[in-house]
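Coordinate inspection notes
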Amino acid sequence: MGWFGQEPEAPQQLFSKLAKLFQHRGPDDQDFQFGSGWGFGFRRLSILDLRETGRQPMSHAAGRYWLVFNGEIYNYLELRRSLEQQGEGFRGSSDTEVLLRLLARQGAEALSRLNGMFALAFIDTEKRTFLLARAWLGVKPLYYYAQSGQLRFASELKALLAWPDAPRQINPRALVEYLGLTYLSHKSCIFSNYEKLPPAHYLTGHLDHPEQVKLESYWRLKINGQADRQRLTETELSELADLLGLSTAPLTTVVR
C-alpha cells in the first residue's frame, strides 16, 4: 500500500491504521517509509530470508530506489545468478532484493523476465518516477485511486476505502455486471473512480504529477487461429512441460 504525490495528513498514524487491515495476511512484521512525494507501507509474511535483509519496504543504491512487493518470483535464483555475473552483490537471500536490483537496472523491461505471481510498486527517487505492475495472470490484485495531485494504491480495496476522504459511490455498470455474471471482470471495480490494474500491465508516472499515468501491457496470450497449426510442435510441447513442472514444484525456502 502507498501513495504518490501530495502527502496525507499524519501519514504515520494513517498507515498504522491501514496496516491493521492486512494483519491476517502479514502477521510477522510491518514497516512504513515516507519520502518527498511518496509513501510505502507493508505487512510481511516471512517466507524467503527471515532476517532484516528481507524486510520491506526495501531500498537500494543509498535510498534511490524503493520497492514494495506482494507475491513470489519463482525464477529469482536464476535472475540472481545473472545479476551477480553483471557485478551485483547481495546483502540477503530474498526474491525481493533480486527484484529490486533488476528493476533498478532495467525498469519496466524487467517485467517480461519474471516468472511468478506478484503485484509491486517501485520508485526511482532521483528521476522521481514510479512503476506499478501485476503479473501475467493477475493472481495478486492491485487497486488504485487517482485524484488531483495524488495516487493511492493497495492490494485490497478496503485499504483505499479506509482513507478519511475516500469516496464510496457504487459503480452502476459494475453492479449490473456483477448481478449478471456473479463476478467482476478484471477491468471493473464496484466503487466509482477506483481502478484495478489489469493482469500483465504496468502503470508509470511522475511523483510530481501522479494522476497523469500511462497504462501499458507487457504480455499477451497468443491464440493460434490457423487451421493448419492446431497441433503443438515438439519445442512447444517441451516448453509446456517445463512450465507445468515449474507451476507444480514445491516451494523451497532459502534461509542463510
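Quick caveat, the model's predicted, so the values are computed rather than measured. (Residues numbered from 1 in each chain as written. Predicted model: local features only at pLDDT ≥ 70, side-chain atom pairs only at ≥ 80, totals over all residues. Heavy atoms only, no water.)

1. What about the nonpolar core?
Within the largest apolar cluster, 26 residues are counted, with the highest numbers of intra-cluster contacts made by Leu67, Leu103, Leu111, Leu114, Phe118, Leu120 and Phe122. Elements with a minimum of two residues in this core: β5 (65-73), α2 (76-85), α3 (95-106), β6 (116-124) and β7 (129-134). Among the elements that take part in this core, α3 stands out by supplying six residues, more than any other. Sequence-distant contacts of Leu120, defined by excluding residues within four places in its chain, comprise Leu67, Val68, Phe69, Leu99, Leu103, Leu111, Leu131, Leu132, Ala133 and Leu142. Ranked by size, the runner-up nonpolar core spans 21 residues in total, among them Trp3, Leu14, Ala159 and Leu160. (Core = buried A, V, L, I, M, F, W, Y, C linked by side-chain atoms within 4.5 Å. Buried < 20%, exposed > 50% of the residue type's maximum accessible area, 1.4 Å probe, protein only. Helix = DSSP H or I, 4+ residues; strand = E, 2+ residues; numbered from the N terminus. Contact = heavy atoms within 4.5 Å.)

2. Let's talk about the sheet that holds strand β4 (residues 58-60)
Strand order in the open sheet formed by six strands is β4-β5-β6-β7-β11-β12, with antiparallel pairing between adjacent strands. With partners counted over all chains shown, the strands left at the sheet margins are β4 and β12 (209-217), one partner each. The mean angle between the axes of side-by-side strands here comes to 20°, regardless of whether they run parallel or antiparallel. In this structure, β5 lies alongside β6, joined through nine bridges in antiparallel fashion. Residue Phe69 lies in a different strand from β6, and its bridge partner there is Leu120. Most of the contacts of α3 go to β5, to which it runs at about 130°, and overall it touches β4, β5, β6 and β7. (Pairing = 2+ DSSP bridges. Axes fitted to C-alpha atoms, helices over the stretch in contact; angles between N-to-C directions.)

3. Points about the pattern of salt bridges
Counted by the stated rule, this structure contains ten salt bridges. For Arg101, the salt bridge identified is with Glu97, shortest N-O distance 3.2 Å. Of the two residues, Arg101 and Glu97 are both situated in helix α3; the distance of four residues between them amounts to about one turn of the helix. Taken individually, Arg101 and Glu97 each receive the classification buried, so the pair is uniform in this respect. Notably, a salt bridge pairs Glu216 with Lys214, separated by 3.8 Å at the nearest N-O pair. Residues participating in the shared-partner salt-bridge network are Glu88, Glu97, Arg101 and Arg105. (Salt bridge = Lys/Arg side-chain N within 4 Å of Asp/Glu carboxyl O.)

4. Let's talk about the environment of Val139
Turning to its location among the elements, Val139 is positioned in the loop between β7 and β8 (143-147). Between the alpha carbons of Val139 and Gly116 there is a distance of 9.4 Å; along the sequence they are 23 residues apart. Filtering out sequence-adjacent residues up to four positions away, Val139 remains in contact with Met117 and Arg134.

5. Structural notes on helix α1 (residues 11-20)
For α1, the complete set of buried residues consists of Pro11, Leu14, Phe15, Leu18 and Ala19. The arc that holds every buried residue of α1, seen down its axis, measures 135°, which confines them to one face. Opposite the buried face of α1, by more than 90 degrees, sit the exposed residues Gln13 and Lys20. (Arc of directions from axis to C-beta.)

6. Topic: the side chain of His201
Within the fold, His201 resides in strand β11 (residues 201-206). Among the polar contacts listed, one links the side chain of His201 to the backbone oxygen of Pro199, at a separation of 2.8 Å. For His201, the contacting residues outside a window of four places in its chain are Leu132, Ala133, Arg134, Leu215, Glu216, Ser217 and Tyr218. (Polar contact = N/O pair within 3.5 Å; in protein donor to acceptor, adjacent residues only side chain to side chain.)

7. A word on the confidence of the model for the protein
For the protein, the average pLDDT comes to 89, and 88% of its residues sit at 70 or higher. Of the regions scoring below 50 in pLDDT, residues 252-256 engages in eleven contacts with residues more than four places distant in sequence or in other chains. (pLDDT = per-residue confidence, 0-100.)

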